[in-house]
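An overview of the molecular structure
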Amino acid sequence: MTKDDLTSADQLRNTAGWNQTLTDWNRLLRYQPDGCFVATLDDRIVGTVTTTCYPATDGGPTLAWIGMMLVDADFRRQGIGTLLMTRALEVLATAEIDCIKLDATPTGAPVYEHLGFKTEWAFHRWTKALPPTDFNQPASSQPLPSLELDHAAFGMDRSRWLKMLADDSTVVSRDNSFGMLRSGSTASYLGPITATSDSVAIQIINDLLSGVSGIVYWDIPACEQLARQLGFEPVRDLTRMWTGQRLIEPNLNLQFALSDPGTG
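Residues numbered from 1 in each chain as written. Predicted model: local features only at pLDDT ≥ 70, side-chain atom pairs only at ≥ 80, totals over all residues. Heavy atoms only, no water.

1. Observations regarding the state of the cysteines
Put simply, the rule is: Disulfides are defined as pairs of cysteine sulfur atoms found within 2.5 Å of each other.
Under the defined criterion, the tally for this structure stands at zero disulfides. Just so you know, Cys99 is unpaired, no disulfide at all, and the nearest cysteine sulfur is the one on Cys53, 12 Å from it.

2. Considering unusual backbone geometry
Stated formally: In this description a helix means any DSSP run of H or I spanning at least four residues, a strand means any run of E spanning at least two, and both kinds are numbered starting from the N terminus.
Each neighbour pair has its own omega, and for Gly191 with Pro192 the value is 0°, a cis peptide bond. With respect to the helices and strands, the residue Pro192 is situated in strand E8 (residues 188-194). One non-glycine residue, Asp42, adopts positive backbone phi at about 55°. Mapped onto the fold, Asp42 is located in the loop between strand E1 (36-41) and strand E2 (44-54).

3. Brief notes about helix H1 (residues 6-16)
Note the following rule: Exposure classes here rest on a 1.4 Å probe applied to the protein chains alone. A residue is buried below 20% of its type maximum, exposed above 50%, and partly exposed in between. The arc in question is formed by the directions pointing from the helix axis toward the C-beta atoms. By definition, residues are in contact when any of their heavy atoms lie within 4.5 Å.
Those residues of H1 lying buried are Leu6, Ala9, Asp10, Leu12 and Arg13. Seen end-on, H1 carries its buried residues on one side only, within an arc spanning 150°. Relative to its buried face, H1 has exposed residues pointing more than 90 degrees away, namely Gln11, Asn14 and Thr15. In the core, the buried residues of H1 are packed alongside helix H2 (22-31), E2 and strand E3 (63-71). Positive phi appears at Gly17, one or two residues downstream of H1, with a value of about 80°.

4. A word on the nonpolar core
What counts, and what does not: We define a nonpolar core as any set of buried Ala, Val, Leu, Ile, Met, Phe, Trp, Tyr and Cys residues linked to one another through side-chain atoms lying within 4.5 Å.
Trp25, Tyr54, Leu63 and Met180 are the most contacted members of the largest nonpolar core, which totals 29 residues. Contributing elements (two or more residues each) for this core: H1, H2, E2, E3, helix H6 (159-166) and strand E7 (177-182). In terms of residue count, H6 provides more of this core than any other element does, five residues in total. Excluding its chain neighbours within four sequence positions, the residues that come into contact with Tyr54 are Tyr31, Thr62, Leu63, Trp65, Phe154, Met156, Asp157, Arg158, Trp161 and Thr263. Counting 25 residues, the second largest nonpolar core, distinct from the first, contains Val172, Leu181, Ile205 and Leu230.

5. Some points on the packing of aromatic side chains
Note the cut-off: Under the pairing criterion, centres of Phe, Tyr and Trp rings, with the six-membered ring standing for Trp, must be within 6.5 Å; the plane angle then separates stacked pairs below 30 degrees from edge-to-face pairs above 60, leaving the rest tilted. To sit over a ring, a charge needs its Lys NZ or Arg CZ within 6 Å of the ring centre and within 35 degrees of the ring normal.
If you walk through the whole model with that rule in mind, you get seven aromatic pairs. Between Trp121 and Phe123 the ring centres are 5.3 Å apart and the planes differ by 65°, which places this aromatic pair in the edge-to-face class. As far as burial versus exposure is concerned, Trp121 and Phe123 are alike and both buried. Every member of this aromatic cluster is reached through a ring pair, and the members are Tyr31, Tyr54, Trp65, Phe154 and Trp161. Taking the ring centre of Trp242 as reference, the NZ or CZ of Lys118 above it sits at 4.2 Å. Here the guanidinium or amino end of Arg158 rests over the ring plane of Phe154, the centre of that ring lying 4.2 Å away.

6. Some words on the pattern of salt bridges
In plain terms, the rule: Every case where a carboxyl oxygen of Asp or Glu lies within 4 Å of a side-chain nitrogen of Lys or Arg is listed as a salt bridge.
In the structure shown here, the tally under the stated rule is 13 salt bridges. Between Asp74 and Arg44 there is a salt bridge, with its nearest N and O atoms 3.8 Å apart. Separated by 30 residues along the polypeptide, Asp74 in the loop between E3 and helix H3 (80-94) and Arg44 in strand E2 bring together distant segments of the chain. For Arg44, a relative accessible area of 38% corresponds to the partly exposed category. Salt-bridge contacts for Arg158 lead to Asp150; the nearest nitrogen and oxygen are separated by 2.7 Å. Given a relative accessible area of 2%, Asp150 falls into the buried group. Through salt bridges that share partners, Asp24, Arg27, Asp168, Arg182 and Asp260 make up one connected network.

7. So, the pairing of strand E9 (residues 214-220)
Convention followed: A strand pair is defined by DSSP finding two or more bridges across the two strands. Classification remark: right-handed applies to a crossover when, strands pointing away from the viewer, the course from the first strand over the helix to the second runs clockwise.
The element E9 is extensively covered by neighbouring structure, given that five of its seven residues are classed as buried. Judged from the three bridges that link them, E8 and E9 form a sheet pairing that is parallel. Note that in E9 the partner of Tyr189 across the bridge is Tyr217. Regarding the hand of the β-α-β motif, the stretch spanning E8, helix H7 (residues 198-209) and E9 is right-handed.

8. Considerations on H6
Along H6, the residues classified as buried are Trp161, Leu162, Met164, Leu165 and Ala166. Packing partners of the buried residues in H6 comprise H2, E2, helix H5 (148-154), strand E6 (170-174), E7 and E8.

Structure (C-alpha cells):
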C-alpha cells in the first residue's frame, strides 16, 4: 500500500459501511509503511489489509494487530482475503512477532479460524445518539499523561501509536488516566480510554461528550454495565482473536475503550 492507494482503499471502506476516514488510513500507513497491503486486479484495488506492530520493551514480547481487512464485494469468495491475510502473517512472522491479534466480525471469524486464530473473548460496539445542544462547549484537548497505566492496561507499550492518535483527537486527562474522541465517517468514535476506575472513566467520558451531538460509537472490551448506565446500546458483535507463540493479555479492569478494532 502507498499513499496513492488510499482514496481507492477508502472507497472499499465506505462501501462496507465502516467508520474510519482518510485520516485513519494515513495514520496506519505512516505508522507501519512496510506492513499495509492492497490486492489489485487489472490495476483496480480489490482488497486491503493493515498491520500495526507494538515493539518489545526490555526484551519482552512483541504484539501486532491486523486490521482493515476488506475485499470488494464483486470479488469475494475468490481467495483474495486469504491471500491478503497470508501476506500479512508472513510479514509478521518474518518480524518474529510473538502474538498477533485482530477483532473479527461474525462474517470474518470463520476465515480467521481457518488460518489458525483462536478466540480470546467476545465484545460489542455500543452506540448512542446525542441531541444537539447550545449549552455546553466541546472539551478542549489536553496533553496525554504518563502512559505507564496504559502499558499495564493494554499489555504493551503503545505510546508511539497513542501520540499519533492524539494528534487527530480530543484528549481528556485525569488522575493519570485518559480518553480520546475523534471524528469518523458516520459517527464520533469514543476511545481509547484507559482509567484507574469506573468513576474516573465516567468523568472522562462525560468531559469528552460535552457539547458533542450526533451518533457516537464506543467499542468496549468489558464494562457493559457502565455503557448501559450512560445510555448506550449494543449494535455490533465482535470477537477478539489471536495467534502466535504466546497470548499477551490486557488488564480489562483498566481498559474502558479500544483505540479501534483495527489496532486494538
